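Below, each chain spelled out in residue letters.
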Amino acid sequence: MTHAPHERIQVVAHRGASDDAPEHTLAAYKKAIEDGADALECDVRLTADGHLVCVHDRRVNRTSNGRGAVSALELADLAALDFGSWKDREEGPDWASSATDTSVLTLERLLELVADAGRRVELAIETKHPTRWAGQVEERLLLLLKRFGLDTPPPGEPSPVRVMSFSARSLARVRAASPGLPTVYLMQFVSPRHREGRLPTGVGIAGPGIRIVRNNPGYVEKLARAGHQVHVWTVDEPEDVDLCVRLGVDAIITNRPAAVLRHLARS
Ligand code: G3P
Ligand code: CA
């Protein structure tokens, strides 16, 4: 592990404070910053006209009042949709939504929010379906990061941005273009070639799902011994938070940053 024993595990807001506000909306990210999250996680996809937007699914059907694939829609089409009311329906009558910033969120707007946060807020950006776009997602991402001065970490300081993916190829593209950016290899299961804790060449950080950690806590130590930081997703339950702390995990990615921070403060 790279954090000193006295330092708190890093708390990363998954899709923003997505338990309290519709995921991937400005409302969810503003709430996560208010809550004190150390970092914000977001998924990025390319629109038909080449904009990076923060949307998890391939289609907008689940999280908006529209239909269709993000890649087939232009930013103007997405901007006409409401990405908030699905959450009101899902949560039921007791849910008091106060979210107003619920239009589609561009990565550019999220970077502006972070730049104006008034404190250090890190970003964990996940490239979605990068193979379909053959490098365009990474290319656009790095251009945007460069505009914000985030493509190369300040000398001697840890990078405020890291790029995550389930695709080792996507991460390799990022490192080839911007070698200073840390990359996180996400894992839903552990493939035989990674069983001993080694990751694809050049990747510094492991991103196992919480199920991997629950079923095989010793894997965290293997990853650490191989020199990797470990960032675990999606850690919402107090017992999982405690497990990750016990194992010396570096960061947990959670839908409930406020509750997790309260829990950590009490522990
Ligand atoms: O933070 C990693 C995690 O977000 C990966 O899964 O499906 O929520 O993007 P998913
Ligand atoms: Ca994600």
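The numbering scheme is per chain: residues are counted from 1 as the chain's sequence reads. The order in which chains are written sets their letters, starting at A; the order in which ligands are written sets their numbers, starting at 1. Totals for whole chains, interfaces and linings use all residues, but because this is a predicted model, local features are given only for residues with pLDDT of at least 70 and pairs of side-chain atoms are given and counted only at 80 or more.

Per an unreviewed UniProt entry, the protein chain goes by Glycerophosphodiester phosphodiesterase and derives from Streptomyces beihaiensis.

Visitor: Residues and numbers for the overall build of the protein chain, please.
Guide: Numbering goes from the N terminus for both helices and strands, where a helix is a DSSP run of H or I of at least four residues and a strand is a run of E of at least two. Across its full length, the protein chain holds 10 helices and 9 strands. What you see for the protein chain is a C-alpha radius of gyration of 18 Å, in line with the 18 Å of a compact globule of 267 residues. Projected onto its principal axes, the C-alpha positions of the protein chain cover 50 × 45 × 35 Å. To sort residues by exposure, count the other C-beta atoms lying within 10 Å of each residue's C-beta; 20 or more gives buried, 12 or fewer gives exposed, and values between give partly exposed, all with C-beta atoms placed from the backbone. Per-residue burial over the protein chain gives 43% buried out of 267 residues. A separation threshold of at least 6 residues defines the contact pool for the protein chain, and within that pool the share at least 24 residues apart is 57%. Computation of the radius of gyration draws on C-alpha atoms, with the globule rule given as 2.2 Å multiplied by the number of residues to the power 0.38. Residue pairs are scored as contacts if the distance between their C-beta atoms, which are placed from the backbone, is within 7 Å.

Visitor: Explain the nonpolar core residue by residue, including any values.
Guide: Counting 69 residues, the largest nonpolar core has Val-12, Leu-40, Val-53, Ile-125, Val-232 and Ile-252 as its most contacted members. Residue contributions to this core peak at 6 residues, all from helix α1 (residues 26-35). Once residues lying within four places of it in the same chain are set aside, the contact partners of Val-232 are Pro-208, Ile-210, Val-213, Cys-244, Val-249, Ile-252 and Ile-253. A set of buried residues drawn from Ala, Val, Leu, Ile, Met, Phe, Trp, Tyr and Cys, joined through C-beta atoms within 7 Å, is what defines a nonpolar core.

Visitor: I'd like a rundown of the site of ligand 1, residues and numbers included.
Guide: Here, nearness means that the C-beta atom of a residue, built from backbone geometry, sits within 6 Å of the molecule or strand in question. Near ligand 1, the surroundings consist of His-14, Glu-41, Asp-43, His-56, Glu-126, Leu-186, Gly-207, Trp-233 and Ile-253. Following the grouping adopted for this structure description, the nonpolar residues are Ala, Val, Leu, Ile, Met, Phe, Trp, Tyr, Cys and Pro, the charged ones are Asp, Glu, Lys and Arg, and the polar ones are all others, Gly among them. When the residues that make up the shell around ligand 1 are grouped by side-chain class, the tally is 3 nonpolar, 3 polar and 3 charged.

Visitor: Outline unusual backbone geometry, supporting the account with residue identities and numerical values.
Guide: Here the amide bond leading from Trp-233 into Thr-234 is cis, since omega sits at -25°, within 30 degrees of zero. As for its placement among the helices and strands, Thr-234 is situated in the loop between β8 (229-233) and α9 (238-247). Phi angles above zero are rare outside glycine, and His-24 is one such case at about 65°. Exposure remark for His-24: the 27 C-beta atoms within 10 Å place this residue in the buried category.

Visitor: Now, about the pairing of strand β1 (residues 10-14): what can you tell me, with residues and values included?
Guide: The element β1 is largely enclosed, with a buried count of 4 among its 5 residues. Of the pairings in the sheet, the one linking β1 to strand β2 (residues 39-46) comprises 3 bridges and is parallel in character. Within β2, the position partnered with Ala-13 by the bridge is Leu-40. Read from β1 through α1 to β2, the crossover connection turns out right-handed. Pairing between two strands is assigned when DSSP locates at least 2 bridges connecting them. By definition, the crossover connecting two strands over a helix is right-handed if that path, from the first strand to the second, turns clockwise as seen with the strands pointing away from the viewer.

Visitor: Account for the confidence of the model for the protein chain, with residues named and values stated.
Guide: When pLDDT is averaged along the protein chain, the result is 93, and 94% of the positions lie at 70 or above. Scored below 50 in pLDDT, residues 1-5 makes 6 contacts in the model with residues more than four places away or belonging to other chains. Each residue gets a pLDDT score, which is the predictor's confidence in that residue and runs from 0 to 100.

Visitor: Go over the pairing of strand β4 (residues 122-127), please, and point to the residues and values.
Guide: In terms of burial, β4 is a largely internal element, 5 of the 6 residues being buried. Taken together, the 6 bridges between β2 and β4 define a ladder with parallel strand orientation. Within β4, the residue paired with Val-44 across the bridge is Thr-127. The pairing of β4 with strand β5 (residues 161-165) spans 4 bridges and is parallel. In the sheet register, Leu-123 faces β5, and the bridge partner there is Val-161.

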